[in-house]
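# Per-entry structural report
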Amino acid sequence: MTEKTRRIDLLGEKGKAAVIGGGVMGADIAAIFVSGGWSVHIAEPSEKTRKALPKRIKNDLEKLKAKKEGIFSAVSKMEEIPWEEIEIAIEAVPEKLETKRQVFAQMEKLSRKGIPLTSNSSGFPISEVGKHLKTRDRMLGLHFFMPAHLAPLVEVVCSEATDPRLAEHVHSLMKQLGKKPVLVKKDIPGFLANRIQHALMREALSLVEKGVATPEDVDDAVRYGFGFRYVAAGPLRQKDLTGLDTQYSAGVTIYPDLCNDSAPSSYIREKVTAGHLGIKAQKGFYEWTDEEIAEFKANYEKRLLRTLEIMRE
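What comes next is a walk through the structure.

What counts, and where the lines are drawn
Residues numbered from 1 in each chain as written. Predicted model: local features only at pLDDT ≥ 70, side-chain atom pairs only at ≥ 80, totals over all residues. Heavy atoms only, no water. Helix = DSSP H or I, 4+ residues; strand = E, 2+ residues; numbered from the N terminus. Rg over C-alpha atoms; globule rule 2.2 N^0.38 Å. Buried < 20%, exposed > 50% of the residue type's maximum accessible area, 1.4 Å probe, protein only. Contact = heavy atoms within 4.5 Å. Core = buried A, V, L, I, M, F, W, Y, C linked by side-chain atoms within 4.5 Å. Salt bridge = Lys/Arg side-chain N within 4 Å of Asp/Glu carboxyl O.

## Section: the overall build of the protein chain
Secondary structure assignment for the protein chain yields twelve helices and eight strands. Its C-alpha radius of gyration of 21 Å places the protein chain within 12% of the 20 Å reference for a compact globule of 313 residues. For the protein chain, the spread of C-alpha atoms along the three principal axes comes to 60 × 45 × 40 Å. Sorting the 313 residues of the protein chain into buried and exposed places 40% on the buried side. Considering only residue pairs separated by 6 or more positions, the protein chain has 68% of its internal contacts joining residues 24 or more positions apart.

Written as structure tokens, this is what we have:
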């Protein structure tokens, strides 16, 4: 058995993981591994962020109702991680291509041969992030969704050079950690879920911009219409249930009239230009007070937790 194959076969055991970046996503990703009994080493240069990690991860574990917990530690530099023990590394730094490339160059030098080096990037093609690596075959995407510890989905994304066997092993590991992984076999912009999500957003924004409906009504149409059904069945399975002939007939009428803009709408561009960025600016599609923000965030998480319980049935 080669060194490369032996390292890959270690996956699935309760082992040790490295998370590079201890912000919101990094902390939540670390909690997933800790809740599965793994030991996690987090590299985060900000002292303030490092000090916030124990409370954040403890809160995550309480929500996950973890029965077996591993341990975690936080260091300021990647070099302080015990790389000789690490079996998988996850990059969760801000979405800046050069920063990610620098992180992967370091991980490649520090890590053992054959262990998967993964990126939580949501926008950059995985092939671009790992473009300059010598061992591109062990680099792949591992894209979690916010909040990462609660949202079941994780995309395992193959670059043009990723070893398919390694992608399958990481996919299996995510299952063992209680996630719902999907394997994205081609490295395309937006991967899988974000492409679907942005297709929906393009039409939703167009409907509001044209005055067809208010933001409130668009939100309600999704939440209480097809969004409600999607908890029980995805779009393709749901159409099998209702009949593909019905879907086809509706498409003949609707598709020619759907928005097919190749750039984000002027409606959202104007909001961004005006600084109406959503909750962070207390104004976006809606206007927010401090009290409304606090109430919404609390209710949002409660709903997610209840939905997660239903999806586990």
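## Comments concerning the nonpolar core
Ile29, Phe33, Ile88, Ile90, Leu142, Phe144 and Met174 are the most contacted members of the largest nonpolar core, which totals 32 residues. For this core, the elements supplying multiple residues, two or more each, are strand 1 (16-20), helix 2 (24-35), strand 2 (39-43), helix 3 (47-64), strand 4 (88-91), strand 6 (139-144), strand 7 (153-158) and helix 6 (164-176). With eight residues, helix 2 is the largest single contributor of residues to this core. Excluding residues that lie within four positions of it along the chain, Ile90 makes contacts with Ala17, Ala18, Val19, Ile20, Ile29, Phe33, Thr118 and Leu142.

## Considering the pattern of salt bridges
Applying the stated criterion to the full structure yields twelve salt bridges. Arg101 is the partner of Glu128 in a salt bridge, and the nearest nitrogen-oxygen pair spans 3.0 Å. Pair noted here: Glu128 is in helix 5 (residues 126-129) and Arg101 is in helix 4 (residues 97-110), with a separation of 27 residues, a long-range link. Note that Lys283 is salt-bridged to Glu287, the shortest N-O span being 3.7 Å. Since its relative accessible area comes to 31%, Lys283 is described here as partly exposed. Relative accessible area serves as the criterion here: at 60%, Glu287 is assigned to the exposed category. Residues participating in the shared-partner salt-bridge network are Glu91, Glu95 and Lys100.

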